[in-house]
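Understanding the architecture of this molecule
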Amino acid sequence: MKNKQVIEMENLQSELTEINESIRQQLLNLENVRTEVIKLKVNSKAEGKLRERLNEYLSTALADLLIISDILFEAESCIDENDLEFLLEASDKNIPGDYN
């Protein structure tokens, strides 16, 4: 029989997986929006700047969502509180690579 901590961690992993799937869908949606923004026909310098600014904001949002997705993916692999704490410390220090 599994102990309470293992069950709680498995429940957390399941919830994180669901959240990460939602994030991935948002990534696809935002990439489609960014593609549409890039395709916008501009007729003036101001419209061109607007398209460029929107593209920059969307690129930033995509990058942020990728970071969130990466952390969620790593958190899904954590088997206990110690792993989670190490992941958080590593992400605070921006240590690239595997956190486990």
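Presented here is a report on the structure given in the accompanying data block. (Residues numbered from 1 in each chain as written. Predicted model: local features only at pLDDT ≥ 70, side-chain atom pairs only at ≥ 80, totals over all residues. Heavy atoms only, no water.)

Some thoughts on the pattern of salt bridges
Here the structure, examined in full by the defined rule, presents three salt bridges. Between Arg 34 and Glu 31 there is a salt bridge, with its nearest N and O atoms 3.3 Å apart. Linking Arg 34 with Glu 31, this pair stays in helix H1 (residues 4-39), spanning three residues, or about one helical turn. We classify Arg 34 as partly exposed; its relative accessible area is 21%. A residue is classified by how much of its surface remains accessible, and Glu 31, at 31% relative accessible area, is partly exposed. Lys 39 is the salt-bridge partner of Glu 36, the closest N and O atoms lying 4.0 Å from each other. With Glu 36 and Lys 39 both in helix H1 and three residues apart, this pair spans about one turn of that helix. (Salt bridge = Lys/Arg side-chain N within 4 Å of Asp/Glu carboxyl O. Helix = DSSP H or I, 4+ residues; strand = E, 2+ residues; numbered from the N terminus. Buried < 20%, exposed > 50% of the residue type's maximum accessible area, 1.4 Å probe, protein only.)

Looking at the side chain of Ser 69
When you line up the elements, Ser 69 lands in helix H2 (residues 45-76). A distance of 2.8 Å separates polar atoms of two side chains, one belonging to Ser 69 and the other to Asn 20. In contact with Ser 69, not counting residues within four places along its chain, are Asn 20, Ile 23 and Arg 24. (Polar contact = N/O pair within 3.5 Å; in protein donor to acceptor, adjacent residues only side chain to side chain. Contact = heavy atoms within 4.5 Å.)

Here's the deal with helix H3 (residues 81-92)
In this model, H3 (twelve residues) spans 16 Å end to end at C-alpha, consistent with the 16 Å of a helix rising 1.5 Å per residue. Taken residue by residue, H3 has Leu 84, Leu 87, Ala 90 and Ser 91 as its buried positions. For H3, the angular spread of the buried residues around the axis is 130 degrees, confining them to a single face. Away from its buried face by more than 90 degrees, H3 exposes Asn 82 and Asp 92. Those residues of H3 that are buried are in contact with H1 and H2. Put simply, Asp 80 is the residue that caps the front of H3, since its side-chain oxygen is 3.1 Å from the backbone nitrogen of Asn 82. (Expected span 1.5 Å × (residues − 1). Arc of directions from axis to C-beta.)

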